[in-house]
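Spelled out from the first residue to the last, the chains are:
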Amino acid sequence: MFPAPFDYHRPDTLDEALSLLGQYGGDARVLAGGQSLIPAMRFRLARPAVLVDINALGDLAYLRETDGVLAIGALARDAALESSSLIESSYPLLFDTGAVIADPVVRQTGTVVGSLCHNDPSGDWGVTALACRAQIVVRGKGGTRTVPIDDFLVDSFTTAVGQGEMAIEVRFPSPKPRTSGAYQKIERKVGDFATSCAAAQVTLGDDGTVAEIGIAIGAAGPTAVRVAGAESALRGSKPSKDAIRAAADAARALADPVADTRGSVEFKKDMAGVLVSRALLAAFERLGVGGLK
Ligand SMILES: Cc1cc2nc3c(=O)[nH]c(=O)nc-3n(C[C@H](O)[C@H](O)[C@H](O)COP(=O)(O)OP(=O)(O)OC[C@H]3O[C@@H](n4cnc5c(N)ncnc54)[C@H](O)[C@@H]3O)c2cc1C
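Keep in mind that this is a model prediction, so the values were computed, not measured. Counting restarts for each chain, with residues numbered from 1 along the sequence as it is written. Residue-level local features of this predicted model are given only where pLDDT is at least 70; pairs of side-chain atoms are given and counted only at 80 or more, and the full residue set underlies all totals for whole chains, interfaces and linings. Water and hydrogen atoms play no part in the side-chain values, which are based on all heavy atoms of the structure.

Once that is clear, we can look at the domain arrangement of the chain. Each domain's extent was defined by an automatic or database domain assignment. Each assigned domain of the chain is listed with its residue range as follows: domain 1 (7-53), domain 2 (58-173) and domain 3 (179-286). A straight line from the C-alpha centre of domain 1 to that of domain 3 covers 35 Å.

Structural data, given as structure tokens:
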């Protein structure tokens, strides 16, 4: 199918893009990698009257770490994370995630910020962003605001980006010493969306207890969701088999997936627990804590 008719703009500056978005309001959509928006338009699931293509805004294609924050600009492609030595060496959870999004062709074009803005219930970046307590910088005529990821992911395909606004960058806190993380995903075949997925990031204190923790699951409800019960099960305690089992149980209880061709509700709920447990085990192993299986 062909998309419904639309007007197309390709601004050369961010100010111009914001001005167009302000002018057209709810009729306009940002076009980033187009990996989700173009298929949706072709199936006429999305019918924006105006597209504001941001692909000429090369200044937004950055990936930079400053003052304890990794900032990923709105035009940074998934593939940029895969080939970044900084991400590979210092952000294991992001590196894991970047490697399992779709396939290499999609990753050359799709953007991290675009994926967060699309907010597919089975998308991967929302899960990892929750585990890392990321923040998204949103800009519009009214100014710039920084939105915690927990408030950004509002509902399926709905985020805190308002009419006339666009997301400029996503910010991930740089991991503190003794921090690691891992991403786990099961998919029917390489390149598919998740049947179930989970992210964990852990910081150990000097005494070996869990000082900070982030755990989230995906394909388990309308949006990616933080497993607060699993975080509580581990925070302040020494890593243990019992604590990991409690975290997995909390994920199973929280998961609220839909049955589809990828699996039944029961299977997906169980997988949410299994994958949280695997993500935690991998994160602890990366920190040199073994013997937890
Ligand atoms: C075959 C295939 C397999 C895929 N598999 C996976 C997978 O396994 N896991 C996964 O997570 N994703 C998967 N995807 C989705 C892919 O990662 C998309 O690239 C991503 O979801 C959207 O990024 P994009 O840059 O292409 O955004 P676009 O398609 O350009 O935009 C998506 C939506 O976000 C909005 N948007 C984009 N950027 C901004 C911005 N800066 N500010 C405000 N709004 C914005 C757009 O207006 C649109 O509504 C798959 C896609 C395909 C085609």
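We are not done yet, so read on.
A separate point is the packing of aromatic side chains. The pairing test for Phe, Tyr and Trp rings, Trp by its six-membered ring, is centres within 6.5 Å, and the orientation test on the planes gives stacked under 30 degrees, edge-to-face over 60, and tilted for anything in between. The full count for this structure, using the stated rule, is zero aromatic pairs. The ring of Tyr62 is capped by Arg64, whose NZ or CZ atom sits 3.7 Å from the centre of that ring. Definition used: whenever NZ (Lys) or CZ (Arg) falls within 6 Å of the ring centre and also within 35 degrees of the ring normal, the charge is taken to sit over that ring.

This paragraph deals with the pattern of salt bridges. Each reported salt bridge corresponds to a side-chain nitrogen of Lys or Arg within 4 Å of a carboxyl oxygen of Asp or Glu. Scanning the model with the defined rule gives 19 salt bridges in all. We note a salt bridge from Arg226 to Asp150, for which the minimum N-O separation is 2.8 Å. Of this pair, Arg226 sits in strand S14 (residues 225-226) while Asp150 sits in helix H9 (residues 149-152); the two residues are 76 residues apart in sequence, bridging distant segments of the chain. Here the term buried applies to any residue with accessible area under 20% of the maximum for its type, exposed to any over 50%, and partly exposed to those in between, with areas from a 1.4 Å probe on protein chains only. Residue Arg226 is classed as buried on the basis of its relative accessible area, which comes to 14%. Close ionic contact of Arg188 with Asp192 constitutes a salt bridge, the shortest N to O distance being 2.8 Å. Judged by relative accessible area, Arg188 falls into the partly exposed class, the value being 48%. Secondary structure follows DSSP: runs of H or I at least 4 residues long count as helices, runs of E at least 2 residues long count as strands, and numbering of each begins at the N terminus.

With that settled, the discussion passes to the layout of surface pockets. A volume near 250 Å³ is recorded for the second largest pocket. Contributing elements (two or more residues each) for the lining of the second largest pocket: helix H8 (125-132), strand S12 (196-204) and strand S13 (210-218). Under the scheme applied, nonpolar residues are Ala, Val, Leu, Ile, Met, Phe, Trp, Tyr, Cys and Pro; charged residues are Asp, Glu, Lys and Arg; polar residues are all the others, including Gly. The residue inventory of the lining of the second largest pocket, partitioned by class, reads six nonpolar, five polar and four charged. Looking at which domains feed residues into the lining of the second largest pocket, each of domain 2 (58-173) and domain 3 (179-286) gives three or more. Grid spacing is 1 Å over the protein atoms alone, the probe is 1.4 Å, and a cavity is where that probe fits but cannot get out, while a pocket is an open set with protein on both sides within 12 Å along at least five of seven lines and lining residues have an atom within 4 Å of a point. Grid points are joined across faces, edges and corners, and a volume is the space filled by probe spheres set on the points.

So, about empty space enclosed by the protein. A complete count under the given rule lists two cavities of 30 Å³ or more for this structure. Of the volumes computed, that of the largest cavity is approximately 60 Å³. Surrounding the largest cavity, Ser115, Leu116, Asn119, Asp120, Gly123, Gly126, Leu153 and Ala224 form its lining. Class assignment of the residues belonging to the lining of the largest cavity gives a composition of three nonpolar, four polar and one charged. Its volume calculated, the second largest cavity comes out at about 40 Å³. Along its surface, the second largest cavity is lined by Ser90, Tyr91, Pro92, Leu93, Leu94, Cys132, Phe172, Pro173, Pro175 and Gln201. Looking at the lining of the second largest cavity, the elements that each hand over two or more residues are helix H5 (92-100) and strand S10 (166-173). The element best represented in the lining of the second largest cavity is H5, accounting for three residues. When its residues are assigned to classes, the lining of the second largest cavity shows eight nonpolar, two polar and no charged.

Glancing now at the nonpolar core. Put simply, buried Ala, Val, Leu, Ile, Met, Phe, Trp, Tyr and Cys residues joined by side-chain atoms within 4.5 Å make one nonpolar core. One finds Leu60, Ile72, Leu94, Leu116, Met166, Val170 and Phe172 to be the most contacted residues of the largest nonpolar core, which totals 55 residues. No other element matches the six residues that H8 contributes to this core. When checking whether two residues touch, look at their non-hydrogen atoms; a contact exists if any pair is within 4.5 Å. Each residue touching Val170, except ones within four places of it in the same chain, is listed here: Leu70, Ala71, Ile72, Val112, Val113, Leu116, Ala134, Gln135 and Ile136. Listed in part, the 27 residues of the second largest apolar core include Val202, Ala255, Ala279 and Leu287.

Okay, helix H1 (residues 14-24) next. Along H1, the positions that sit buried rather than exposed are Leu14, Ala17, Leu18, Leu20 and Leu21. The buried residues of H1 occupy an angular sector of 160° when the element is viewed end-on, so they sit on one face. Residues of H1 that are exposed and point more than 90 degrees away from the buried face comprise Asp15 and Gln23. Of the residues one or two after H1, Gly25 is the one with positive phi, at around 50°. In this description, one arc is meant: the one made by directions from the helix axis to the C-beta atoms.

This paragraph deals with the site of the ligand. Here, proximity means that at least one heavy atom of the residue falls within 4 Å of the molecule or strand. In the vicinity of the ligand lie 28 residues, with Val30, Gly34, Leu37, Thr111 and Asp124 positioned nearest. Pairs of N or O atoms within 3.5 Å make up the polar contacts considered here, provided that, within protein, one atom can donate a hydrogen while the other can accept it, and that residues adjacent in sequence are counted only when both atoms are side-chain atoms. In the model, an oxygen atom of the ligand is placed 3.2 Å from a nitrogen or oxygen of the Arg29 side chain. For the ligand, an oxygen atom lies 3.5 Å from a polar atom in the backbone of Ser115. A 1.4 Å probe and the Shrake-Rupley method give the accessible areas. Residues count as covered only by the protein chains that appear here. Here the ligand loses 90% of its free accessible area of 970 Å² to cover by the protein chains. When residues of the shell around the ligand are traced back to their parent elements, those giving at least two are strand S2 (28-31), helix H7 (112-118) and S10. The greatest single-element share of the shell around the ligand, amounting to five residues, is contributed by H7.

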